[in-house]
Amino acid sequence: SPAPGGGSVAALCGALSASLVAMVAALTWSKTGMEAGRSGMKALGTDAQGLKDWFLAAVDRDTEAFNAVLVAMRLPKKTPEEVASRAGAVECANQGAAKVPLDVLEATIRVLELSLRAVKEGNPNSVSDAGVAGAAALAAAEGAALNGRINAPSLTDRAVADEYIARQTGALARARDLAEQVRAAVDQILE
C-alpha cells in the first residue's frame, strides 16, 4: 500500500520529538533542586504534548491527503465536463497533499525551539534525550521537505506552488539552523 508513506513517517518523527521534549520537561519538573524552573517546564511540557498530538493527527492527515489524490485520479474523464471536473478535483487533492507536509515542516520549527529550551533549561541528566528530540525533529523536517518537493511540481496553480516552495525553503533553512543549535548545545554540555 502506498499510504501511509514518507509524509506520515515525517509527521511521526515530529510526534516522537515532541514526546521526548515533554519527557525532559516532566523529568526536570520532578527533579529535586530544579524547583525554580517548574513553571517553565510545565509550560514546555504542555506545549510539547500539544505538538505531539498535532503531529500524530498529521500522520493520518497525510495518508488521507494521498488517498484523496488517488480518488481524484480515478474520476471519469470521458466527456469534456468530466475532464474539467476531474482536473479541478486532482488539483484540489494535489494542493492538499502538498500542504500537509508543508504544515508538518513548519511545525518542526516550534518543536526544535522547544528542544533547544529543553537542552538549555532541562535536567542535565536528560540532555541526550533533548538532543535526540532535536535530531528527530530534523528528520521530520527533512522528510516533510522531501514530500513537499515531490508534490509541488504536480500543482497546476503556479501561484500556490510558488508560495508552498518559498515557505518550504524558508522553513527548512530555519529547521536546519535550529537543529544545529540543539546539537551544538548538547555537545557543549556533554564535553
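Shown above is the structure to which this text applies.
Remember, it's a predicted structure, so these values are computed and weren't measured experimentally.

## Details of a nonpolar patch on the surface
Link 1 in the chain: There is a patch of nonpolar side chains on the surface, built from Leu-12, Leu-16 and Leu-56 and spanning about 250 Å² of accessible area.
Link 2 in the chain: Inspection of the secondary structure puts Leu-56 in helix H2 (residues 38-73).

## Here's the deal with the pattern of salt bridges
Link 1 in the chain: Scanning all chains against the criterion turns up twelve salt bridges.
Link 2 in the chain: The salt bridge involving Arg-110 is made with Glu-113; its shortest N-O contact spans 3.5 Å. Separated by three residues within a single helix, Arg-110 and Glu-113 lie in helix H3 (residues 80-121), roughly one turn from each other.
Link 3 in the chain: For Arg-110, a relative accessible area of 33% corresponds to the partly exposed category.

## So, the packing of aromatic side chains
Link 1 in the chain: Following the criterion strictly, the structure yields one aromatic pair and no others.
Link 2 in the chain: Between Trp-54 and Phe-55 the ring centres are 5.2 Å apart and the planes differ by 80 degrees, which places this aromatic pair in the edge-to-face class.
Link 3 in the chain: In this structure Trp-54 comes out as partly exposed when scored by relative accessible area, which is 30%.
Link 4 in the chain: By relative accessible area, which is 0% here, Phe-55 ends up buried.
Link 5 in the chain: The ring of Trp-54 carries Arg-61 above its face, with NZ or CZ at 4.7 Å from the centroid.

## Observations concerning the environment of Gly-14
Link 1 in the chain: Within the secondary structure, Gly-14 is located in helix H1 (residues 6-29).
Link 2 in the chain: Residues Gly-14 and Ala-140 lie 126 residues apart in sequence; the distance between their C-alpha atoms is 5.3 Å.
Link 3 in the chain: Non-local contacts of Gly-14, meaning those with residues more than four positions away in its chain, are made with Phe-55 and Ala-140.

## Quick notes on the environment of Met-41
Link 1 in the chain: Along the polypeptide, Met-41 turns up in helix H2.
Link 2 in the chain: For Met-41, a relative accessible area of 3% gives the class buried.
Link 3 in the chain: Counting along the chain gives 47 residues from Met-41 to Gly-88, while the straight-line C-alpha distance between them is 47 Å.
Link 4 in the chain: Contact partners of Met-41, with chain neighbours within four places excluded, come to Ala-25, Thr-28, Trp-29, Glu-121 and Gly-122.

The rules behind these values
- Residues numbered from 1 in each chain as written.
- Predicted model: local features only at pLDDT ≥ 70, side-chain atom pairs only at ≥ 80, totals over all residues.
- Heavy atoms only, no water.
- Patch = residues over 30% accessible without salt bridge, like charges linked within 9 Å, V, L, I, M, F, W, Y side chains within 5 Å.
- Areas by Shrake-Rupley, 256 points an atom, 1.4 Å probe, with all protein chains shown as cover.
- Salt bridge = Lys/Arg side-chain N within 4 Å of Asp/Glu carboxyl O.
- Helix = DSSP H or I, 4+ residues; strand = E, 2+ residues; numbered from the N terminus.
- Buried < 20%, exposed > 50% of the residue type's maximum accessible area, 1.4 Å probe, protein only.
- Phe/Tyr/Trp six-rings, centres within 6.5 Å; stacked < 30°, edge-to-face > 60°.
- Lys NZ or Arg CZ within 6 Å of the ring centre and 35° of its normal.
- Contact = heavy atoms within 4.5 Å.

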